Amino acid sequence: MQTRRQILGGAGLAALGATMVARSALANLPEAATQSAAATQPPLAPRDGRAYNPVVTLNGWTLPWRMREGWKEFHLVAEPVVREIAPGMKANLWGYNGQSPGPTIEAIEGERVRIFVTNRLPEHTTIHWHGILLPCGMDGVGGLTQPQIPPGKTYVYEFPLTKSGTFMYHPHADEMVQMAMGMHGFFVVHPRDPARHRVDRDFVFLVNAFDIEPGSMTPRVNTMLDFNLWTWNSRAFPGIDSLAVRQGDRVRIRMGNLTMTNHPIHLHGYDFRVSGTDGGWVAPQAQWPEVTVDLPVGSMRCIEFTADAPGDWAFHCHKSHHTMNPMGHAVPTLIGVDHKGVGERIARLIPDYMVMGERGMAEMGEMEMELPPNTLPMMTGQGPFGALEMGGMFTVVKVRAGLARGDYRDPGWYAHPPGTVAYEWKGESRS
Ligand SMILES: [Cu+2]
């Protein structure tokens, strides 16, 4: 991890055309850490003050802070970033502190936070603190509750955290463009009493979407519905890390939706309860069991379960188009059509022509197709039994006995006990 000060040092400042005025404006700011990796970073345990169980940001990280005169101080820098969506594809996005989404902010109920926001975008911005109860003038709606933050300027937000819960931040300025470019982040406020709402593993991610033409790098910001990259924390399968869980752990997964459609998020192998929203905690007597939770637009949901069943459990959006990477929607359905001879005749005119889809599209998951540079296959990924034929919003919750507390590394594929895997019928049962 680099600090902003290292980046701004020497030539960096000159390149920004900084004057003495800019130097004094940077004085007394907390360092703005940046992150260059897209891999899930270990949780950031509190160094001092009250204890809490830090969250783990899927393919993300937590923003360091400093304590100063009773305020917990953070420094966010809004700026253009390059984000790897999955191996083989990078995107020109806008984000915070080197990544899209920005770093997760964690604090404790009752603390006062002071958040410095420096704008290094080519246009103005603001930050709205979604779900947090605060003075109106700190709500971050450009033009309504504050002036826009011009490029090159730093604004300060100060507010007390009056309740614990699950929140997010995003611009409320040129919102269509800035959200489409990947500007958002998670904000977790831990309960003052660490025994309340305690879990062993607490994962967070934001659901987002982009429209990036195969072969290009920058999202089309005017798209309303037809996105082609359905992502969690600006990552698409197979780029989304698995969630490593120790068997027996109490697990919470917190999710927020900043796309323009709903996402029914489905976990295999478990039933769970919705234990919280961006409005607060749900009382235990008001919870009911689910295996899929709908994540409405502009909303957050926390699910909880006890990880008693070991295995590799698929975890994904249940809209089948959202577990695909870029594809052409204009392709006609050819299932059931007899292609015999047609392919050869067309191939005489178009040498690389390939007949597809007459028995379904599963072959796409295994085919080595020539793709434009900087794009992802529509259906991809390899599992222990072959092609996974997935993309987009898909990953695996890997529940294993004996993982160390705090170990979030990928434990590899599940070793199924003998006699517990579906098998080919050969005339008699195995047991
Ligand atoms: Cu979805």
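Residues numbered from 1 in each chain as written. Predicted model: local features only at pLDDT ≥ 70, side-chain atom pairs only at ≥ 80, totals over all residues.

Enquirer: Describe the nonpolar core, listing the residues and the values that go with them.
Expert: If you look at the biggest cluster of nonpolar residues, it comprises 90 residues, and the most contacted ones within it are Leu76, Phe187, Phe203, Leu229, Ala236 and Val397. Both domain 2 (37-194) and domain 3 (206-211 + 225-322 + 393-400) contribute no fewer than three residues apiece to this core. With near-sequence residues (within four places) excluded, phenylalanine 203 lies in contact with Val55, Val56, Leu58, Leu243, Ile253 and Arg254. (Core = buried A, V, L, I, M, F, W, Y, C linked by C-beta atoms within 7 Å. Buried ≥ 20, exposed ≤ 12 C-beta atoms within 10 Å, placed from the backbone. Domains from an automatic or database assignment. Contact = placed C-beta atoms within 7 Å.)

Enquirer: Report on the environment of glutamine 178, specifying residues and quantitative values.
Expert: On the secondary structure map, glutamine 178 appears in helix H4 (residues 175-180). With 85 residues separating them along the chain, glutamine 178 and leucine 93 place their C-alpha atoms 9.1 Å apart. (Helix = DSSP H or I, 4+ residues; strand = E, 2+ residues; numbered from the N terminus.)

Enquirer: Let's hear about unusual backbone geometry: which residues, and what values?
Expert: Here the bond from serine 100 into proline 101 is cis, since omega is -5°, no more than 30 degrees from zero. The topology assignment puts proline 101 in the loop between strand E6 (89-96) and strand E7 (105-108). Here the phi dihedral of glutamate 69 falls at roughly 50°; this positive angle occurs in a residue that is not glycine. One can find glutamate 69 in the loop between strand E4 (66-68) and strand E5 (71-86). For glutamate 69, a count of 7 C-beta atoms within 10 Å gives the class exposed.

Enquirer: Tell me what's going on with the environment of methionine 176, and back it up with residues and numbers.
Expert: Note on placement: methionine 176 falls in helix H4. Owing to 12 C-beta atoms within 10 Å, methionine 176 belongs among the exposed residues under this scheme. The spatial distance from the C-alpha of methionine 176 to the C-alpha of valine 221 is 7.1 Å, given a sequence separation of 45 residues.

Enquirer: Break down the pairing of strand E13 (residues 201-210) for me, with residues and values.
Expert: Judged by how many residues are buried, E13 sits mostly within the fold: ten of ten residues are covered. Residues Arg201, Phe203, Phe205, Val207 and Ala209 point to one face of E13 and Asp202, Val204, Leu206, Asn208 and Phe210 to the other, with burial holding for every one of them. Alignment of strand E3 (residues 56-57) against E13, held across two bridges, turns out to be parallel. Counted as the bridge partner of threonine 57 is valine 204 from E13. Bridge count between E13 and strand E16 (residues 250-257): seven bridges; the pairing is parallel. The residue bridging valine 204 from the neighbouring strand is arginine 254, located in E16. As paired elements, E13 and strand E14 (residues 229-232) share four bridges and run antiparallel to each other. Note on E14: the bridge partner recorded for asparagine 208 is threonine 231. (Pairing = 2+ DSSP bridges.)

Enquirer: I'd love a proper account of the pairing of E6, names of residues and values included.
Expert: Along E6, six of the eight residues are buried, which leaves the element largely enclosed by surrounding structure. The pairing of E5 with E6 spans eight bridges and is antiparallel. If you follow valine 82 over to E6, its bridge partner there is asparagine 92. Turn length for the E5-E6 hairpin, with the two strands adjacent in sequence and antiparallel, is two residues, and the turn residue glycine 88 shows positive phi of about 100°.

Enquirer: Run through the sheet that holds strand E15 (residues 243-246), naming residues and quoting values.
Expert: Strand order in the open sheet made by the five strands is E15-E26-E23-E17-E21, with mixed pairing throughout. Looking along the sheet, the strands with just one partner apiece sit at the ends: E15 and strand E21 (292-295). Geometrically, the sheet is characterised by an average inter-axis angle of 20° between neighbouring strands, direction not taken into account. Where strand E17 (residues 263-267) lies against strand E23 (residues 311-317), three bridges are found, and the strand directions are antiparallel. Each residue of the ladder has a partner; that of histidine 266, found in E23, is histidine 316. (Axes fitted to C-alpha atoms, helices over the stretch in contact; angles between N-to-C directions.)

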